[in-house]
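Chain by chain, the residues:
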Amino acid sequence: MNEYVLSVNGGSSSLKFRLYRMPDESQLLSGQFDGMNSANPVFKAVYGECKQQENLSTEDFASAAHYLLSFMLEKQLIPNQQSLKVVGHRVAHGGEHYSGPVVIDNEVLGNIDRLSSLAPIHNPINLLCIQVFRQILPTAVHVAVFDTAFHQTIEPSRYLYPLPYEMYLNHKIRRYGFHGISHQYVSTVLSATFQEQSQKVINCHLGNGASICAMFEGRSVMTSMGFTPLSGLMMGTRCGDIDPALPIHIARITGTDMDNVDRMMNFKSGLLGVSQYSSDFRLINEAAQQGNQQAILAQEMFINRIVETVGAYAAALNGLDVLVFTGGIGENSEVVRQRVCEQLAYLGVVIETTKNRSAEQVISAQASRIIVKIIKTDEELMIARESVKLLAEPVDSGGVELNHDD
Ligand code: ADP
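Residues numbered from 1 in each chain as written. Predicted model: local features only at pLDDT ≥ 70, side-chain atom pairs only at ≥ 80, totals over all residues. Heavy atoms only, no water.

Caption draft 1: Representation of the confidence of the model for the protein chain. Of all residues in the protein chain, 95% attain a pLDDT of 70 or more, and the chain-wide mean is 93. pLDDT under 50 marks residues 397-406. Its contacts with residues more than four places away, or in other chains, come to 23 contacts. (pLDDT = per-residue confidence, 0-100. Contact = heavy atoms within 4.5 Å.)

As structure tokens, this is what we get:
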């Protein structure tokens, strides 16, 4: 039976959505509201061959959700409101509570709210989105898909920080990892199309936010983001790993407070901070090609971090079979893939320049000991799949009956 499933991904300034018809996974609508909570919100949608863009006068999430529902009905993308039976919501932080998706009820809402202390920027917005969509689509089953869940397979010896143990016991301070929906998507693509799930895989998700995940038999073994998405790789505006004493030192010497240091590390660092030019990798690359020394330095630092992390994770996996590039930079930047792979020659990585240039699915050479792939990530599809899969499970193992006709 065909089912309409909506994927919702709410952030601080945008609300992304996708509508699928399942089980064939045909995408009926994709788009986003940009400039949420600003004076100039914009609705952008692509459906069939059509594209639409509208400036909106209301900027809150409730108005956006109403607008989206009216749009789907008006364009006859869904036959009626009741036919939209499943809404999958991306939720940033599931803490130690959730290692998979769950049907949202009041208890789950309470837990997501409590977990806001671990993800103060993201979870409150996710919660707001869920509440708004539950209100306008009361007959749908709403499912939470957590960005941390995939990493719940990481062992304590890797997720704990060497701090006093009571920090973990009393405050749940540990590595959680993020981008889990994307890393999981890559893992499922590998197992579905290449039968390589049992192998040792390192997935480099390189976008504005960037993280690397080491996987064994399709499960997360280690990942570079930690308690927050600030740690690990150098990113668009985030610094990634730095000496942990630095925030305190910077606050002392500049006389600024910790909130300012926090903002600096999250929004003014990374590619933007070093290049003093842009956080956008395309622009950094162009500037570097024109000889801009700061852009060259930023690019080199970005690449070094990736190489060092892949090396560390190959050691953690005791070998490597498949290296994957995904995310906006991973999927599109020939330069990053080439320079990372050149520095991994010691592991037996050899790529073919022409395949890399044309961004083929497999870019490694026949003689390469490690298979190198480009996989386009699709977090929204993963959210829809996970939601439908959960609902198809027997009721006593977490699934629910999809019967809204009564
Ligand atoms: P987000 O983390 O916001 O989802 P994306 O995965 O969309 O980010 O990645 C955005 C990054 O991808 C930006 O730095 C952008 O410059 C980079 N990017 C997109 N296309 C290209 C390209 N053709 N070459 C190099 N970088 C690209």
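Right, picking up where we left off after that structure.
Caption draft 2: Broad picture of helix α7 (residues 246-254). Along α7, the residues classified as buried are P247, I250 and A251. Buried residues of α7, seen end-on, are gathered within an arc of 100 degrees and therefore sit on one face of the element. Turned more than 90 degrees away from the buried face of α7, the exposed residues are R252 and I253. Positive backbone phi, approximately 70 degrees, marks G255, located one or two places after α7. (Buried < 20%, exposed > 50% of the residue type's maximum accessible area, 1.4 Å probe, protein only. Helix = DSSP H or I, 4+ residues; strand = E, 2+ residues; numbered from the N terminus. Arc of directions from axis to C-beta.)

Caption draft 3: Layout of the packing of helix α1 (residues 61-74) against helix α3 (residues 123-136). Running from amino to carboxyl end, α1 crosses α3 at an angle of 45 degrees, the nearest separation of the two axes being 9 Å. Considered as vectors, α1 and α3 are oriented oblique to each other. Considering only the axes of α1 and α3, their crossing is right-handed. Judged by residue contacts, F61, A62, A65, H66, L68 and L69 of α1 engage I125, L128, C129, V132, F133 and I136 from α3. Here the residues of the contact of α1 with α3 are counted per class, giving 11 nonpolar, one polar and no charged. (Axes fitted to C-alpha atoms, helices over the stretch in contact; angles between N-to-C directions. Parallel < 35°, antiparallel > 145°, perpendicular 65-115°, else oblique. Left-handed = near helix turned anticlockwise from the far one by under 90°. Nonpolar A, V, L, I, M, F, W, Y, C, P; charged D, E, K, R; others polar.)

Caption draft 4: Just the packing of helix α10 (residues 281-289) against helix α11 (residues 293-317), in detail. Where α10 contacts α11, the two axes come as close as 8 Å, and the packing angle between them is 125 degrees. Between α10 and α11, the angle falls in the class oblique. Note on packing geometry: the crossing formed by α10 with α11 is left-handed. Counting all contacts with α10, which are made through F281, I284, N285, A287 and A288, the residues of α11 involved are A295, I296, Q299 and F302. Residue classes in the contact of α10 with α11 are distributed as seven nonpolar, two polar and no charged.

Caption draft 5: Up close: the nonpolar core. By size, the foremost hydrophobic cluster in this structure holds 43 residues, and its most contacted members are I202, L206, F302, I306 and L323. For this core, the elements supplying multiple residues, two or more each, are β9 (200-206), β10 (210-216), α9 (270-275), α10, α11, β12 (322-326), α13 (334-342) and β13 (371-374). The greatest single-element share of this core, amounting to 10 residues, is contributed by α11. Residues in contact with I202, not counting those within four places in the same chain, are I212, C213, V310, Y313, A314, L317, L320, V322, L323 and V324. Judged by nonpolar contacts, the second largest core, of 32 residues, contains F43, L69, M72 and I136. (Core = buried A, V, L, I, M, F, W, Y, C linked by side-chain atoms within 4.5 Å.)

Caption draft 6: Representation of the site of the ligand in the model. Lining the immediate environment of the ligand, one finds G207, N208, G209, D280, F281, R282, G327, G328, I329, N332 and S333. I329 places a main-chain nitrogen or oxygen 3.4 Å from an oxygen atom of the ligand. Note that a nitrogen atom of the ligand is positioned 3.5 Å from one of the side-chain N or O atoms of N332. Look at the ligand: alone it shows 580 Å² of surface, and the protein chains cover 70% of it. Contributions of two or more residues to the shell around the ligand are made by α10 and α12 (327-332). Ranked by residues supplied to the shell around the ligand, first place goes to α12 with four residues. Counted by class, the shell around the ligand contains two nonpolar, seven polar and two charged residues. (Near = heavy atom within 4 Å. Polar contact = N/O pair within 3.5 Å; in protein donor to acceptor, adjacent residues only side chain to side chain. Areas by Shrake-Rupley, 256 points an atom, 1.4 Å probe, with all protein chains shown as cover.)

Caption draft 7: Quick look at helix α8 (residues 258-267). Buried residues of α8: V261, M265 and N266, and no others. Looking straight down α8, one finds its buried side chains confined to an arc of 130 degrees; they lie on one side. Counted as exposed and oriented over 90 degrees from the buried face of α8: D259 and F267. Of the surrounding secondary structure, the elements contacted by the buried residues of α8 are α7.

Caption draft 8: A look at the pattern of salt bridges. Inspection of the entire model under this criterion finds 15 salt bridges. A salt bridge links R18 to D378, with the nearest nitrogen and oxygen atoms 3.0 Å apart. Taken as a pair, R18 in strand β2 (residues 14-22) and D378 in the loop between β13 and α15 (379-392) lie far apart in primary sequence, 360 residues in all. Note on R18: relative accessible area 18%, which makes it buried. With a relative accessible area of 16%, D378 lands in the buried category. The partner of E380 in a salt bridge is R18, with the nearest N and O atoms 3.8 Å apart. Residue E380 is located in helix α15, and its partner R18 is located in strand β2; the two are separated by 362 residues in the primary sequence. A residue is classified by how much of its surface remains accessible, and E380, at 10% relative accessible area, is buried. One salt-bridge network, held together by shared partners, links R18, D378 and E380. (Salt bridge = Lys/Arg side-chain N within 4 Å of Asp/Glu carboxyl O.)

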